[in-house]
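The chain contents come next:
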Amino acid sequence: MSPRRGNRARGLEISPRERLAREKGAITKDWGGKLPIALVSPNSYYIGMSNLGLHALYSLLNRHGDIVCERVFWEIDNQERKAPPVSLESRRPLSAFRVVAFTISYEVDYFNVISILKASGIPPFSADRDESHPLIIAGGPCLTANPMPLAPFFDGFGIGEAEKLLPGLLSSVTNHINAKREELLKSLATVPGIYVPRMLPKTPVTRQWTENLDDFPVGSVILTRDTELGDLYLIEVERGCPWRCHFCLVSTVFRPMRFRSVDTLLAQAKEGLFHRKRLGLVGPAVSDYPHLEELLTGLRRMGAQFSMSSMRARNLPERILAEIAGGGTRTITLAPEAGSERLRQAINKGICEDDITDAVGKLARHGIKRLKLYFMVGLPTETDEDIAAIARLTLQCKSILDRQAKGARLSLNIAPFVPKAGTPFQRLPMASIGTLKQRIARLKGSLAPQGIQLKSESPAWSQVQAVLARGDTRVAQVLNNIEENSLAGWRKAVAG
Ligand code: SF4
(Lines give C-alpha, C1' and ligand atoms only; values in the text may rest on other atoms or scores of the structure.)
Protein backbone atom coordinates (compact mmCIF):
# COMPACT_ATOMS: atom_id res chain seq x y z
CA MET A 1 0.00 0.00 0.00
CA SER A 2 1.36 3.43 -0.89
CA PRO A 3 2.23 5.73 2.03
CA ARG A 4 -0.56 8.12 1.12
CA ARG A 5 -3.49 5.72 1.30
CA GLY A 6 -4.26 6.00 4.97
CA ASN A 7 -7.04 4.77 7.18
CA ARG A 8 -8.58 8.20 7.39
CA ALA A 9 -9.40 8.05 3.70
CA ARG A 10 -10.78 4.54 4.19
CA GLY A 11 -12.87 5.64 7.17
CA LEU A 12 -14.52 8.31 5.06
CA GLU A 13 -15.91 5.95 2.48
CA ILE A 14 -19.53 6.97 2.51
CA SER A 15 -22.11 6.83 -0.22
CA PRO A 16 -21.80 9.44 -3.00
CA ARG A 17 -25.31 10.67 -2.25
CA GLU A 18 -24.36 11.25 1.38
CA ARG A 19 -21.06 12.81 0.30
CA LEU A 20 -22.83 15.32 -1.94
CA ALA A 21 -25.35 16.09 0.79
CA ARG A 22 -22.47 16.99 3.12
CA GLU A 23 -21.01 19.44 0.57
CA LYS A 24 -21.75 23.08 -0.01
CA GLY A 25 -20.85 24.50 -3.42
CA ALA A 26 -21.09 21.41 -5.65
CA ILE A 27 -22.37 22.22 -9.14
CA THR A 28 -24.86 19.94 -10.85
CA LYS A 29 -25.87 20.77 -14.41
CA ASP A 30 -28.13 19.29 -17.00
CA TRP A 31 -25.97 17.59 -19.65
CA GLY A 32 -28.10 18.59 -22.64
CA GLY A 33 -25.98 20.17 -25.40
CA LYS A 34 -22.94 20.62 -23.15
CA LEU A 35 -19.39 19.32 -23.38
CA PRO A 36 -19.01 16.88 -20.46
CA ILE A 37 -15.59 16.95 -18.78
CA ALA A 38 -14.60 14.53 -16.01
CA LEU A 39 -12.13 16.14 -13.61
CA VAL A 40 -10.23 13.21 -12.13
CA SER A 41 -8.15 13.27 -8.98
CA PRO A 42 -6.36 9.90 -9.02
CA ASN A 43 -6.71 9.37 -5.30
CA SER A 44 -9.40 9.36 -2.63
CA TYR A 45 -11.97 12.10 -2.10
CA TYR A 46 -10.29 12.94 1.21
CA ILE A 47 -6.94 13.63 -0.47
CA GLY A 48 -8.26 15.06 -3.75
CA MET A 49 -10.52 17.59 -2.08
CA SER A 50 -7.59 18.90 -0.02
CA ASN A 51 -6.05 20.21 -3.24
CA LEU A 52 -6.99 23.82 -4.02
CA GLY A 53 -6.00 23.22 -7.66
CA LEU A 54 -8.95 20.85 -8.04
CA HIS A 55 -11.31 23.47 -6.59
CA ALA A 56 -9.96 26.09 -9.01
CA LEU A 57 -10.32 23.83 -12.07
CA TYR A 58 -13.85 22.79 -11.09
CA SER A 59 -14.86 26.42 -10.82
CA LEU A 60 -13.05 27.57 -13.99
CA LEU A 61 -14.57 24.79 -16.11
CA ASN A 62 -18.11 25.03 -14.76
CA ARG A 63 -18.04 28.79 -15.31
CA HIS A 64 -18.61 28.01 -19.01
CA GLY A 65 -22.31 27.63 -19.80
CA ASP A 66 -21.57 25.04 -22.50
CA ILE A 67 -19.43 22.80 -20.26
CA VAL A 68 -20.48 20.43 -17.51
CA CYS A 69 -17.58 19.39 -15.28
CA GLU A 70 -17.98 16.62 -12.70
CA ARG A 71 -15.47 15.20 -10.20
CA VAL A 72 -14.15 11.65 -10.13
CA PHE A 73 -12.07 10.10 -7.34
CA TRP A 74 -10.37 6.75 -6.92
CA GLU A 75 -11.37 5.35 -3.56
CA ILE A 76 -9.70 2.45 -1.82
CA ASP A 77 -12.82 0.41 -2.48
CA ASN A 78 -12.43 1.05 -6.26
CA GLN A 79 -8.76 0.16 -6.02
CA GLU A 80 -9.34 -3.11 -4.21
CA ARG A 81 -12.19 -4.28 -6.42
CA LYS A 82 -10.78 -2.66 -9.61
CA ALA A 83 -14.27 -1.18 -9.91
CA PRO A 84 -14.79 1.58 -12.49
CA PRO A 85 -15.01 4.98 -10.85
CA VAL A 86 -18.06 7.13 -11.55
CA SER A 87 -18.53 10.87 -11.25
CA LEU A 88 -19.71 12.22 -7.95
CA GLU A 89 -22.35 14.54 -9.38
CA SER A 90 -24.23 12.31 -11.87
CA ARG A 91 -22.76 8.85 -11.20
CA ARG A 92 -21.62 8.43 -14.81
CA PRO A 93 -18.57 6.35 -15.82
CA LEU A 94 -15.54 7.98 -17.50
CA SER A 95 -16.55 6.56 -20.88
CA ALA A 96 -19.67 8.79 -20.82
CA PHE A 97 -17.53 11.96 -20.87
CA ARG A 98 -16.02 13.54 -24.01
CA VAL A 99 -12.97 14.78 -22.10
CA VAL A 100 -11.25 13.21 -19.08
CA ALA A 101 -8.89 15.67 -17.37
CA PHE A 102 -6.58 14.34 -14.68
CA THR A 103 -5.14 16.73 -12.11
CA ILE A 104 -2.05 15.07 -10.65
CA SER A 105 -0.09 16.42 -7.70
CA TYR A 106 2.08 13.46 -6.68
CA GLU A 107 4.21 11.06 -8.66
CA VAL A 108 2.98 8.02 -6.71
CA ASP A 109 -0.50 8.69 -8.10
CA TYR A 110 0.80 7.73 -11.58
CA PHE A 111 0.03 4.13 -10.64
CA ASN A 112 -3.61 5.02 -10.15
CA VAL A 113 -3.93 6.77 -13.52
CA ILE A 114 -3.40 3.54 -15.45
CA SER A 115 -5.59 1.55 -13.04
CA ILE A 116 -8.42 4.07 -13.47
CA LEU A 117 -8.27 3.92 -17.27
CA LYS A 118 -8.15 0.12 -17.28
CA ALA A 119 -10.98 -0.22 -14.75
CA SER A 120 -13.03 2.16 -16.91
CA GLY A 121 -12.56 0.03 -20.02
CA ILE A 122 -10.53 2.77 -21.73
CA PRO A 123 -7.35 1.63 -23.53
CA PRO A 124 -4.53 3.12 -21.42
CA PHE A 125 -2.23 4.00 -24.35
CA SER A 126 -3.14 7.05 -26.41
CA ALA A 127 -2.15 5.28 -29.65
CA ASP A 128 -4.85 2.62 -29.01
CA ARG A 129 -7.66 5.15 -28.63
CA ASP A 130 -9.80 6.79 -31.29
CA GLU A 131 -12.82 9.08 -31.67
CA SER A 132 -14.99 6.60 -29.77
CA HIS A 133 -13.00 7.26 -26.60
CA PRO A 134 -12.83 10.39 -24.46
CA LEU A 135 -9.91 12.75 -24.97
CA ILE A 136 -7.55 12.03 -22.05
CA ILE A 137 -5.49 14.99 -20.80
CA ALA A 138 -3.56 15.87 -17.64
CA GLY A 139 -1.80 18.62 -15.76
CA GLY A 140 -0.09 19.23 -12.44
CA PRO A 141 3.25 20.42 -11.07
CA CYS A 142 5.09 17.10 -11.42
CA LEU A 143 3.92 16.79 -15.05
CA THR A 144 4.97 20.35 -15.80
CA ALA A 145 8.45 19.33 -14.61
CA ASN A 146 8.52 16.00 -16.47
CA PRO A 147 5.53 14.48 -18.29
CA MET A 148 7.57 11.74 -20.02
CA PRO A 149 6.78 8.70 -17.79
CA LEU A 150 3.08 9.23 -18.58
CA ALA A 151 3.50 10.54 -22.15
CA PRO A 152 2.36 7.35 -23.95
CA PHE A 153 -0.90 7.32 -21.96
CA PHE A 154 -2.10 10.87 -22.52
CA ASP A 155 -3.44 12.70 -25.57
CA GLY A 156 -2.20 16.00 -24.17
CA PHE A 157 -0.59 17.66 -21.16
CA GLY A 158 -1.11 21.19 -19.89
CA ILE A 159 2.36 22.54 -19.08
CA GLY A 160 1.95 25.30 -16.52
CA GLU A 161 -1.02 26.94 -14.85
CA ALA A 162 -4.65 26.18 -15.71
CA GLU A 163 -5.87 29.78 -15.70
CA LYS A 164 -3.59 30.58 -18.63
CA LEU A 165 -3.92 27.24 -20.44
CA LEU A 166 -7.68 26.77 -20.39
CA PRO A 167 -8.87 29.42 -22.89
CA GLY A 168 -6.76 28.01 -25.76
CA LEU A 169 -7.32 24.41 -24.73
CA LEU A 170 -11.10 24.72 -24.47
CA SER A 171 -11.39 26.60 -27.73
CA SER A 172 -9.42 23.87 -29.53
CA VAL A 173 -11.42 21.06 -27.89
CA THR A 174 -14.86 22.55 -28.51
CA ASN A 175 -14.02 23.27 -32.16
CA HIS A 176 -12.55 19.84 -32.91
CA ILE A 177 -14.09 17.36 -30.47
CA ASN A 178 -16.25 15.85 -33.24
CA ALA A 179 -13.39 15.73 -35.75
CA LYS A 180 -11.06 12.78 -36.39
CA ARG A 181 -8.81 12.19 -33.38
CA GLU A 182 -5.70 13.11 -35.35
CA GLU A 183 -7.22 16.43 -36.35
CA LEU A 184 -8.13 17.18 -32.73
CA LEU A 185 -4.59 16.33 -31.59
CA LYS A 186 -3.08 18.48 -34.35
CA SER A 187 -5.19 21.40 -33.23
CA LEU A 188 -4.28 20.87 -29.57
CA ALA A 189 -0.59 20.80 -30.44
CA THR A 190 -0.85 24.40 -31.69
CA VAL A 191 -2.14 25.70 -28.34
CA PRO A 192 0.60 27.43 -26.29
CA GLY A 193 1.62 25.24 -23.35
CA ILE A 194 -0.12 22.07 -24.58
CA TYR A 195 2.19 19.12 -25.15
CA VAL A 196 0.75 16.42 -27.40
CA PRO A 197 3.10 13.42 -27.20
CA ARG A 198 1.91 11.94 -30.53
CA MET A 199 2.67 15.19 -32.39
CA LEU A 200 6.36 15.97 -32.29
CA PRO A 201 6.49 19.66 -31.25
CA LYS A 202 8.13 21.89 -33.88
CA THR A 203 9.26 24.29 -31.15
CA PRO A 204 9.73 23.67 -27.41
CA VAL A 205 6.49 23.68 -25.42
CA THR A 206 6.62 26.69 -23.12
CA ARG A 207 5.27 26.69 -19.59
CA GLN A 208 2.28 29.02 -19.21
CA TRP A 209 1.70 31.12 -16.11
CA THR A 210 -0.75 33.72 -14.96
CA GLU A 211 0.61 37.27 -14.78
CA ASN A 212 -1.97 38.73 -12.41
CA LEU A 213 -3.24 36.38 -9.71
CA ASP A 214 -5.95 38.88 -8.77
CA ASP A 215 -7.71 38.01 -12.03
CA PHE A 216 -8.31 34.49 -10.66
CA PRO A 217 -8.96 34.32 -6.92
CA VAL A 218 -8.31 30.75 -5.74
CA GLY A 219 -9.98 29.42 -2.61
CA SER A 220 -12.29 26.70 -1.33
CA VAL A 221 -15.09 26.27 -3.86
CA ILE A 222 -16.73 23.24 -2.28
CA LEU A 223 -16.99 23.16 1.49
CA THR A 224 -16.95 19.76 3.15
CA ARG A 225 -15.79 18.40 6.49
CA ASP A 226 -14.69 15.18 4.77
CA THR A 227 -11.23 16.39 3.86
CA GLU A 228 -7.96 17.19 5.57
CA LEU A 229 -8.57 20.87 6.33
CA GLY A 230 -12.36 20.67 6.24
CA ASP A 231 -12.82 23.11 9.11
CA LEU A 232 -10.99 25.86 7.18
CA TYR A 233 -11.90 28.07 4.25
CA LEU A 234 -8.68 28.00 2.23
CA ILE A 235 -7.32 31.00 0.35
CA GLU A 236 -4.28 30.98 -1.94
CA VAL A 237 -2.20 34.01 -0.95
CA GLU A 238 0.73 33.69 -3.35
CA ARG A 239 2.24 31.46 -5.99
CA GLY A 240 5.90 30.60 -6.51
CA CYS A 241 8.80 30.90 -4.11
CA PRO A 242 11.84 33.16 -4.37
CA TRP A 243 14.15 31.03 -2.21
CA ARG A 244 15.19 28.39 -4.71
CA CYS A 245 16.18 25.59 -2.38
CA HIS A 246 18.09 23.23 -4.66
CA PHE A 247 15.86 20.18 -4.06
CA CYS A 248 12.50 21.93 -4.41
CA LEU A 249 10.18 21.98 -7.41
CA VAL A 250 8.06 24.92 -6.27
CA SER A 251 10.44 27.69 -7.25
CA THR A 252 10.87 26.10 -10.72
CA VAL A 253 7.35 25.14 -11.80
CA PHE A 254 5.60 28.16 -10.27
CA ARG A 255 8.14 30.77 -11.37
CA PRO A 256 7.97 33.80 -11.06
CA MET A 257 6.90 34.65 -7.52
CA ARG A 258 3.50 36.36 -7.53
CA PHE A 259 1.27 37.74 -4.77
CA ARG A 260 -2.40 38.56 -4.58
CA SER A 261 -3.40 42.03 -3.42
CA VAL A 262 -4.61 42.61 0.14
CA ASP A 263 -7.96 43.85 -1.20
CA THR A 264 -8.56 40.63 -3.15
CA LEU A 265 -7.57 38.48 -0.19
CA LEU A 266 -9.79 40.39 2.23
CA ALA A 267 -12.70 40.09 -0.22
CA GLN A 268 -12.12 36.32 -0.35
CA ALA A 269 -11.87 36.23 3.44
CA LYS A 270 -15.23 38.01 3.73
CA GLU A 271 -16.78 35.35 1.51
CA GLY A 272 -15.01 32.59 3.44
CA LEU A 273 -16.34 33.79 6.78
CA PHE A 274 -19.88 33.06 5.58
CA HIS A 275 -18.87 29.40 5.52
CA ARG A 276 -16.20 28.87 8.16
CA LYS A 277 -14.94 30.61 11.30
CA ARG A 278 -11.33 29.81 10.42
CA LEU A 279 -9.41 30.70 7.29
CA GLY A 280 -6.37 28.83 5.99
CA LEU A 281 -3.81 31.06 4.25
CA VAL A 282 -2.06 28.93 1.65
CA GLY A 283 1.27 29.48 -0.09
CA PRO A 284 4.83 28.13 -0.12
CA ALA A 285 6.08 30.71 2.42
CA VAL A 286 3.13 32.79 3.63
CA SER A 287 5.29 34.65 6.18
CA ASP A 288 7.09 36.25 3.21
CA TYR A 289 3.90 37.87 1.90
CA PRO A 290 5.01 41.52 1.58
CA HIS A 291 1.81 43.02 3.05
CA LEU A 292 1.35 40.41 5.75
CA GLU A 293 0.83 42.82 8.62
CA GLU A 294 -1.86 44.74 6.70
CA LEU A 295 -3.55 41.47 5.71
CA LEU A 296 -3.51 40.01 9.22
CA THR A 297 -4.74 43.27 10.76
CA GLY A 298 -7.60 43.29 8.23
CA LEU A 299 -8.48 39.70 9.07
CA ARG A 300 -8.44 40.43 12.80
CA ARG A 301 -10.79 43.39 12.26
CA MET A 302 -13.20 41.02 10.52
CA GLY A 303 -13.04 38.75 13.55
CA ALA A 304 -11.45 35.97 11.51
CA GLN A 305 -9.42 33.17 13.00
CA PHE A 306 -6.76 31.88 10.68
CA SER A 307 -3.81 29.60 10.26
CA MET A 308 -0.93 29.70 7.82
CA SER A 309 0.28 26.74 5.78
CA SER A 310 3.94 27.68 6.00
CA MET A 311 6.36 30.06 7.65
CA ARG A 312 9.96 30.75 6.88
CA ALA A 313 12.14 30.78 9.98
CA ARG A 314 13.80 34.08 9.28
CA ASN A 315 13.20 37.61 10.52
CA LEU A 316 9.74 36.90 11.89
CA PRO A 317 8.63 40.31 13.21
CA GLU A 318 7.10 40.27 16.71
CA ARG A 319 4.04 42.25 15.64
CA ILE A 320 3.24 39.71 12.93
CA LEU A 321 3.66 36.84 15.35
CA ALA A 322 1.31 38.62 17.73
CA GLU A 323 -1.29 38.84 14.92
CA ILE A 324 -0.79 35.16 14.09
CA ALA A 325 -1.21 34.09 17.71
CA GLY A 326 -4.17 36.48 18.10
CA GLY A 327 -5.73 34.84 15.03
CA GLY A 328 -5.97 31.54 16.89
CA THR A 329 -3.01 29.72 15.32
CA ARG A 330 -1.67 27.11 17.73
CA THR A 331 0.42 24.91 15.44
CA ILE A 332 3.28 26.16 13.30
CA THR A 333 5.48 24.27 10.87
CA LEU A 334 9.07 25.29 10.23
CA ALA A 335 11.29 23.54 7.70
CA PRO A 336 15.01 23.72 8.52
CA GLU A 337 15.42 20.67 6.16
CA ALA A 338 19.00 20.05 7.35
CA GLY A 339 20.56 20.05 10.81
CA SER A 340 23.97 21.54 10.09
CA GLU A 341 24.87 24.98 8.86
CA ARG A 342 27.09 23.45 6.16
CA LEU A 343 24.32 21.29 4.69
CA ARG A 344 21.72 24.05 4.82
CA GLN A 345 24.09 26.18 2.77
CA ALA A 346 24.71 23.31 0.35
CA ILE A 347 20.98 23.00 -0.36
CA ASN A 348 20.58 26.79 -0.54
CA LYS A 349 18.11 26.88 2.34
CA GLY A 350 19.15 30.41 3.25
CA ILE A 351 18.47 30.19 6.99
CA CYS A 352 20.99 29.72 9.79
CA GLU A 353 20.74 28.10 13.20
CA ASP A 354 20.14 31.42 14.93
CA ASP A 355 17.19 32.10 12.60
CA ILE A 356 15.64 28.78 13.61
CA THR A 357 16.18 29.01 17.37
CA ASP A 358 15.18 32.69 17.34
CA ALA A 359 11.94 31.80 15.50
CA VAL A 360 11.15 28.99 17.95
CA GLY A 361 11.72 31.32 20.92
CA LYS A 362 9.45 34.00 19.47
CA LEU A 363 6.73 31.49 18.57
CA ALA A 364 6.80 30.04 22.08
CA ARG A 365 6.55 33.49 23.65
CA HIS A 366 3.49 34.16 21.52
CA GLY A 367 1.73 31.07 22.79
CA ILE A 368 2.33 28.62 19.94
CA LYS A 369 1.95 25.26 21.65
CA ARG A 370 2.65 22.88 18.81
CA LEU A 371 5.68 23.07 16.60
CA LYS A 372 6.43 20.79 13.69
CA LEU A 373 9.90 20.68 12.19
CA TYR A 374 10.53 19.25 8.72
CA PHE A 375 13.89 17.67 7.94
CA MET A 376 15.24 15.65 5.05
CA VAL A 377 17.64 12.73 5.15
CA GLY A 378 19.86 11.50 2.33
CA LEU A 379 20.64 15.01 1.06
CA PRO A 380 23.69 15.26 -1.23
CA THR A 381 26.98 15.30 0.75
CA GLU A 382 25.15 14.34 3.98
CA THR A 383 27.23 12.54 6.61
CA ASP A 384 26.50 11.00 10.01
CA GLU A 385 27.58 14.32 11.52
CA ASP A 386 24.70 16.07 9.69
CA ILE A 387 22.26 13.57 11.18
CA ALA A 388 23.68 14.19 14.64
CA ALA A 389 23.18 17.92 13.95
CA ILE A 390 19.44 17.32 13.27
CA ALA A 391 19.12 15.67 16.69
CA ARG A 392 21.09 18.47 18.39
CA LEU A 393 19.07 21.24 16.75
CA THR A 394 15.78 19.51 17.56
CA LEU A 395 16.72 19.14 21.22
CA GLN A 396 17.79 22.77 21.32
CA CYS A 397 14.37 23.79 19.92
CA LYS A 398 12.64 21.53 22.45
CA SER A 399 14.52 23.06 25.34
CA ILE A 400 13.56 26.60 24.16
CA LEU A 401 9.92 25.52 23.85
CA ASP A 402 9.90 23.79 27.26
CA ARG A 403 11.36 26.88 28.94
CA GLN A 404 8.87 29.31 27.43
CA ALA A 405 5.64 27.47 26.70
CA LYS A 406 4.37 25.04 29.31
CA GLY A 407 2.88 21.89 27.79
CA ALA A 408 4.23 22.65 24.30
CA ARG A 409 4.70 19.74 21.88
CA LEU A 410 7.40 19.30 19.29
CA SER A 411 7.17 16.80 16.45
CA LEU A 412 9.38 15.97 13.50
CA ASN A 413 8.62 14.98 9.93
CA ILE A 414 11.46 13.21 8.18
CA ALA A 415 11.41 12.84 4.40
CA PRO A 416 14.07 11.19 2.25
CA PHE A 417 15.59 13.53 -0.33
CA VAL A 418 14.07 12.73 -3.74
CA PRO A 419 15.88 14.25 -6.75
CA LYS A 420 13.28 15.84 -9.03
CA ALA A 421 13.43 16.84 -12.68
CA GLY A 422 13.71 20.57 -13.16
CA THR A 423 15.50 21.25 -9.87
CA PRO A 424 19.21 22.10 -9.47
CA PHE A 425 19.67 18.68 -7.79
CA GLN A 426 17.92 16.76 -10.58
CA ARG A 427 21.00 14.84 -11.69
CA LEU A 428 22.28 13.91 -8.24
CA PRO A 429 21.94 10.37 -6.93
CA MET A 430 19.59 9.32 -4.20
CA ALA A 431 20.87 7.67 -1.01
CA SER A 432 20.35 3.91 -0.79
CA ILE A 433 17.32 2.56 1.05
CA GLY A 434 19.68 1.03 3.63
CA THR A 435 21.35 4.38 4.35
CA LEU A 436 18.01 6.18 4.60
CA LYS A 437 16.57 3.57 6.96
CA GLN A 438 19.65 3.66 9.13
CA ARG A 439 19.58 7.48 9.38
CA ILE A 440 15.87 7.60 10.17
CA ALA A 441 16.35 4.88 12.81
CA ARG A 442 19.20 6.84 14.33
CA LEU A 443 17.04 9.95 14.66
CA LYS A 444 14.18 7.97 16.15
CA GLY A 445 16.56 6.30 18.58
CA SER A 446 17.94 9.58 19.86
CA LEU A 447 14.77 11.73 19.82
CA ALA A 448 11.81 9.47 20.64
CA PRO A 449 13.06 8.83 24.22
CA GLN A 450 13.05 12.63 24.70
CA GLY A 451 9.30 12.74 24.06
CA ILE A 452 9.60 13.95 20.48
CA GLN A 453 7.19 12.38 18.04
CA LEU A 454 8.74 11.43 14.70
CA LYS A 455 6.98 10.62 11.46
CA SER A 456 8.92 9.50 8.45
CA GLU A 457 8.15 8.78 4.83
CA SER A 458 8.99 5.38 3.41
CA PRO A 459 12.49 5.20 1.87
CA ALA A 460 11.34 2.49 -0.56
CA TRP A 461 8.39 4.55 -1.85
CA SER A 462 10.64 7.61 -2.04
CA GLN A 463 12.94 5.66 -4.33
CA VAL A 464 9.98 4.80 -6.58
CA GLN A 465 9.02 8.47 -6.53
CA ALA A 466 12.52 9.40 -7.76
CA VAL A 467 12.19 7.03 -10.72
CA LEU A 468 8.80 8.51 -11.62
CA ALA A 469 10.04 12.09 -11.17
CA ARG A 470 13.05 11.69 -13.47
CA GLY A 471 12.06 8.81 -15.73
CA ASP A 472 11.44 8.80 -19.46
CA THR A 473 8.86 7.00 -21.59
CA ARG A 474 10.37 3.60 -20.72
CA VAL A 475 8.76 3.96 -17.28
CA ALA A 476 5.35 3.86 -18.98
CA GLN A 477 5.76 0.19 -19.90
CA VAL A 478 6.60 -0.64 -16.28
CA LEU A 479 3.54 1.26 -15.07
CA ASN A 480 1.36 -0.55 -17.59
CA ASN A 481 2.69 -3.95 -16.49
CA ILE A 482 1.98 -3.45 -12.80
CA GLU A 483 -0.63 -5.94 -11.65
CA GLU A 484 -0.89 -4.74 -8.09
CA ASN A 485 -0.21 -1.17 -6.89
CA SER A 486 2.30 -2.06 -4.21
CA LEU A 487 6.06 -2.10 -3.78
CA ALA A 488 6.06 -5.81 -4.62
CA GLY A 489 3.97 -5.10 -7.74
CA TRP A 490 6.37 -2.33 -8.79
CA ARG A 491 9.45 -4.50 -8.27
CA LYS A 492 7.90 -7.36 -10.23
CA ALA A 493 7.06 -5.04 -13.14
CA VAL A 494 10.57 -3.50 -13.10
CA ALA A 495 12.12 -6.98 -13.20
CA GLY A 496 9.96 -7.58 -16.28
S1 SF4 B 1 11.58 24.43 0.16
FE2 SF4 B 1 10.16 26.06 0.74
S3 SF4 B 1 11.45 27.90 0.87
FE4 SF4 B 1 12.61 26.39 -0.31
S5 SF4 B 1 12.12 26.82 -2.47
FE6 SF4 B 1 10.68 25.23 -1.75
S7 SF4 B 1 8.88 26.33 -1.08
FE8 SF4 B 1 10.56 27.82 -1.19
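What about the side chain of Gln 465?
Moving on, step 1. Turning to its location among the elements, Gln 465 is positioned in helix H18 (residues 459-470).
Moving on, step 2. You can call Gln 465 buried: its relative accessible area is 18%.
Moving on, step 3. For Gln 465, the residues in contact, after removing those within four places along its chain, are Glu 107, Val 418 and Lys 420.

A word on the pattern of salt bridges
When the charged atoms of two side chains with opposite charge come close together, those side chains can pair.
Moving on, step 1. According to the stated counting rule, one finds 30 salt bridges in the structure shown.
Moving on, step 2. Residue Arg 258 is joined to Glu 161 by a salt bridge in which the shortest nitrogen-to-oxygen separation is 2.7 Å. You can see Arg 258 sitting in strand S9 (residues 258-259) and its partner Glu 161 sitting in the loop between strand S5 (156-158) and helix H8 (162-176), a full 97 residues away along the chain. Like Arg 258, the residue Glu 161 is buried in the burial classification.
Moving on, step 3. A single network of salt bridges, built from pairs that share partners, joins Glu 161, Glu 163, Glu 236, Arg 239, Arg 258 and Arg 260.

Quick notes on the site of the ligand
Moving on, step 1. All residues adjacent to the ligand are Cys 241, Trp 243, Arg 244, Cys 245, Phe 247, Cys 248, Ser 251, Pro 284, Arg 312 and Lys 349.
Moving on, step 2. Looking at side-chain class alone, the shell around the ligand contains six nonpolar, one polar and three charged residues.

A look at the domain arrangement of the protein
Moving on, step 1. Here the domain parsing of the protein yields domain 1 (7-195), domain 2 (214-329) and domain 3 (330-457).
Moving on, step 2. One C-alpha centre belongs to domain 2, the other to domain 3, and the line joining them spans 23 Å.
Moving on, step 3. With both sides pooled, the region where domain 2 packs onto domain 3 buries about 2200 Å², and carbon together with sulfur makes up 60% of that total.
Moving on, step 4. Contact with domain 3 buries surface across domain 2, with His 246, Phe 247 and Ala 313 losing the most and accounting together for 34% of the total.
Moving on, step 5. Seen at the junction of domain 2 and domain 3, the total is two salt bridges.
Moving on, step 6. Our count for the contact surface shared by domain 2 and domain 3 stands at 10 residue pairs in polar contact (both at pLDDT 80 or more).
Moving on, step 7. Ranked by residue count, the leading element in the side of domain 2 that touches domain 3 is helix H13 (residues 318-326), at five residues.
Moving on, step 8. By residue class, the composition of the side of domain 2 that touches domain 3 is 12 nonpolar, four polar and four charged.

Regarding the nonpolar core
Moving on, step 1. Counting residues in hydrophobic clusters, the biggest one holds 60 residues, and the most contacted among them are Leu 281, Leu 299, Ile 324, Leu 334, Leu 371, Leu 412 and Leu 443.
Moving on, step 2. Here this core gets seven residues from one element, more than from any other, and that element is helix H16 (residues 384-404).
Moving on, step 3. Shared between two domains, this core holds at least three residues of each, these being domain 2 (214-329) and domain 3 (330-457).
Moving on, step 4. When sequence neighbours within four positions are dropped, the list of residues in contact with Leu 281 reads Ile 235, Val 237, Val 286, Leu 295, Leu 296, Leu 299, Phe 306, Ser 307, Met 308 and Ser 309.
Moving on, step 5. One finds Val 113, Ile 116, Ile 122 and Phe 125 within the second-largest nonpolar core, a separate group that totals 42 residues.

Considering the pairing of strand S10 (residues 278-282)
Moving on, step 1. Of all five residues in S10, four are buried, a share of seventy percent or more.
Moving on, step 2. Bridge count between strand S7 (residues 232-236) and S10: five bridges; the pairing is parallel. Bridge assignment links Leu 232 to a residue of S10, and that residue is Arg 278.
Moving on, step 3. Bridge analysis of S10 against strand S11 (residues 305-308) gives four bridges, and the strand direction is parallel. Its bridge partner being in S11, Gly 280 is matched across the sheet by Ser 307.

Comments concerning the packing of aromatic side chains
Moving on, step 1. Throughout the structure, instances matching the rule amount to 10 aromatic pairs.
Moving on, step 2. Between Tyr 45 and Phe 73 the ring centres are 5.1 Å apart and the planes differ by 70 degrees, which places this aromatic pair in the edge-to-face class. Highlighted residues: Tyr 45 in helix H3 (residues 45-48) and Phe 73 in strand S2 (residues 67-73), separated in sequence by 28 residues.
Moving on, step 3. Residue Tyr 45 is classed as buried on the basis of its relative accessible area of 1%.
Moving on, step 4. For Phe 73, a relative accessible area of 7% corresponds to the buried category.
Moving on, step 5. Note on Phe 125 and Phe 153: the rings are 4.9 Å apart at their centroids and 25 degrees apart in plane angle, and the pair reads as stacked. In this pair, Phe 125 is assigned in the loop between helix H6 (110-119) and strand S4 (135-139) and Phe 153 in the loop between helix H7 (141-145) and S5, connecting sequence segments 28 residues apart.

Concerning H18
Moving on, step 1. The end-to-end C-alpha separation of H18 is 17 Å, in line with the 16 Å expected for 12 residues at 1.5 Å each.
Moving on, step 2. Along H18, the residues that are buried comprise Pro 459, Ala 460, Trp 461, Ser 462, Val 464, Gln 465, Ala 466, Leu 468 and Ala 469.
Moving on, step 3. Among the residues of H18, the N-terminal cap falls to Ser 458, whose side-chain oxygen and the backbone nitrogen of Ala 460 are separated by 3.3 Å.

Topic: the sheet that holds strand S12 (residues 331-337)
Moving on, step 1. Read across the sheet, four strands follow the order S12-S13-S14-S15 without closing on themselves; strand pairing throughout is parallel. Across the chains shown, the open sheet's two edge strands, defined by having one partner strand only, are S12 and strand S15 (453-456). For this sheet, the mean inter-axis angle between neighbouring strands, taken without regard to orientation, is 20 degrees.
Moving on, step 2. As judged from the five bridges shared by S12 and strand S13 (residues 370-377), these two strands associate in the parallel manner. Within the sheet, the bridge partner assigned to Thr 331 lies in S13 and is Arg 370.

Concerning the environment of Arg 181
Moving on, step 1. By the secondary structure assignment, Arg 181 is in helix H9 (residues 181-189).
Moving on, step 2. In this structure the C-alpha to C-alpha distance between Arg 181 and Ile 482, which are 301 residues apart in sequence, comes to 28 Å.
Moving on, step 3. For Arg 181, the side chain forms a polar contact with the main-chain oxygen of His 133, separated by 2.6 Å.

Basis of the calculations
Residues numbered from 1 in each chain as written. Predicted model: local features only at pLDDT ≥ 70, side-chain atom pairs only at ≥ 80, totals over all residues. Heavy atoms only, no water. Helix = DSSP H or I, 4+ residues; strand = E, 2+ residues; numbered from the N terminus. Buried < 20%, exposed > 50% of the residue type's maximum accessible area, 1.4 Å probe, protein only. Contact = heavy atoms within 4.5 Å. Salt bridge = Lys/Arg side-chain N within 4 Å of Asp/Glu carboxyl O. Near = heavy atom within 4 Å. Nonpolar A, V, L, I, M, F, W, Y, C, P; charged D, E, K, R; others polar. Domains from an automatic or database assignment. Buried area = accessible area lost by both parts, 1.4 Å probe. Polar contact = N/O pair within 3.5 Å; in protein donor to acceptor, adjacent residues only side chain to side chain. Core = buried A, V, L, I, M, F, W, Y, C linked by side-chain atoms within 4.5 Å. Pairing = 2+ DSSP bridges. Phe/Tyr/Trp six-rings, centres within 6.5 Å; stacked < 30°, edge-to-face > 60°. Expected span 1.5 Å × (residues − 1). Axes fitted to C-alpha atoms, helices over the stretch in contact; angles between N-to-C directions.

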